[in-house]
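Residue strings, one per chain:
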Amino acid sequence: MKIKKVTKAVFPVAGMGTRFLPATKSIPKEIMTLVDRPLIQYAIDEARAAGIKEFIFVTSRGKSALEDYFDHSPELENTLRKAGKDELLEILKETNMDSGAIAYLRQNRPLGLGHAVWCARRLIGDEPFAVLLPDDVIAAEKPCLQQMMEAYEQTGGNMVAAMEVPPHKASSYGVLDIAEDMGAIVQAKGMVEKPKADQAPSNLAVIGRYILSPKVLINLNKMKQGTGGEIQLTDAIAEEAKTGKVYGYRFRGQRYDCGSKAGFLQATVAFGLARPDLREEFGAYLNDMIALQKAAQ
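Please read these numbers as outputs of a predicted model, since none were measured by experiment. (Residues numbered from 1 in each chain as written. Predicted model: local features only at pLDDT ≥ 70, side-chain atom pairs only at ≥ 80, totals over all residues. Heavy atoms only, no water.)

## Examining a nonpolar patch on the surface
A contiguous nonpolar surface patch, about 320 Å² in accessible area, is contributed by Y285, M289 and L292. Tracing the sequence through the fold places Y285 in helix α11 (residues 279–296). (Patch = residues over 30% accessible without salt bridge, like charges linked within 9 Å, V, L, I, M, F, W, Y side chains within 5 Å. Areas by Shrake-Rupley, 256 points an atom, 1.4 Å probe, with all protein chains shown as cover. Salt bridge = Lys/Arg side-chain N within 4 Å of Asp/Glu carboxyl O. Helix = DSSP H or I, 4+ residues; strand = E, 2+ residues; numbered from the N terminus.)

Structure (structure tokens):
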């Protein structure tokens, strides 16, 4: 059977971003910048590289700045054009989305990731789709979702990005129960949301990249509450694992949890040092800071 191409992606961005208060009192967390690009831009760029054509944002109140970010800004563009700043104009083009390519809908109650994805059901229809969580920023030579798309062409079904975690961190993730380990791809017979360290079925944790069958939406439609009283996406995917149609993919790259302050700072350092225009000056500053700390000790 021919595997249908994935061209739609859901971006759940309705969260309040309370871990980044007071900054998120007035700006959406997804607009916070990692070096000079908002978190959401990294997710969009990754989706585009994977062949996504339709972008569905599940938002909430107070997210208008997110919508404005992807709109054209004629005044700014004209100012840059008159000033001959063509390089900046090219950078700005990456933030523009064509009319009809992007859709926004509201999650009116904070009922979990599964509920956020369910909110997009009418726009997804009866097609496979991707889900990207902007909090998870992945530095990779080949974008993570693109890697997954290539693997998905072999398997079909449902695919989740997975990485190995130590036992004491399992309770922060959905964890795969592995039926067969085939190297980069594993077949899962189940998934457990935030298990205790001694109850985790494996050390493979799911992170914020998914390629899902529309059958997952049918499972979400049951509105079954899971861990924390929320509607868990993990539970809906686990239902599909019973049919042997769920796979984990060990992606090649470094994932940063930009939903936490420590992870955001780690990503800032890593992405700053990766930039040719910043590496020398920023690297020298970090070396000086390390030297000062050692001297103080």
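## Quick notes on helix α9 (residues 233–241)
Structurally, the α-helix is built with 3.6 residues per turn, so residues lying three or four positions apart point the same way. Across the nine residues of α9, seven count as buried, placing the element largely inside the fold. Residues of α9 that are buried include every one of L233, T234, A236, I237, A238, E240 and A241, and no others. (Buried < 20%, exposed > 50% of the residue type's maximum accessible area, 1.4 Å probe, protein only.)

## Here we look at the pattern of salt bridges
Inspection of every chain in the model, using the stated rule, returns 14 salt bridges. The partner of D136 in a salt bridge is R255, with the nearest N and O atoms 2.9 Å apart. In this pair, D136 sits in strand β7 (residues 136–139) while R255 sits in strand β13 (residues 254–257), placing the two residues 119 residues apart along the sequence. This pair shows no difference in class: D136 is buried, exactly as R255 is. Across the pair E239 and K242 runs a salt bridge, and its minimum N-O distance is 3.1 Å.

## Quick look at the packing of helix α3 (residues 74–82) against helix α4 (residues 86–93)
For the pair α3 and α4, the least separation of the axes is 8 Å and the interaxial angle reads 155°. It follows that α3 is roughly antiparallel to α4 by the angle criterion. The two elements α3 and α4 cross, and the hand of that crossing is left-handed. Contact residues: L76, E77, L80 and R81 in α3; L88, L89 and L92 in α4. (Axes fitted to C-alpha atoms, helices over the stretch in contact; angles between N-to-C directions. Parallel < 35°, antiparallel > 145°, perpendicular 65-115°, else oblique. Left-handed = near helix turned anticlockwise from the far one by under 90°. Contact = heavy atoms within 4.5 Å.)

## As for unusual backbone geometry
Geometrically, the link from L21 to P22 is a cis peptide bond, its omega value of 10° lying close to zero. Considering the arrangement of structural elements, one finds P22 in the loop between β1 (8–12) and β2 (33–34). Positive phi is not limited to glycine here, since V35 has a value of about 65°. Within the secondary structure, V35 sits in the loop between β2 and β3 (37–38).

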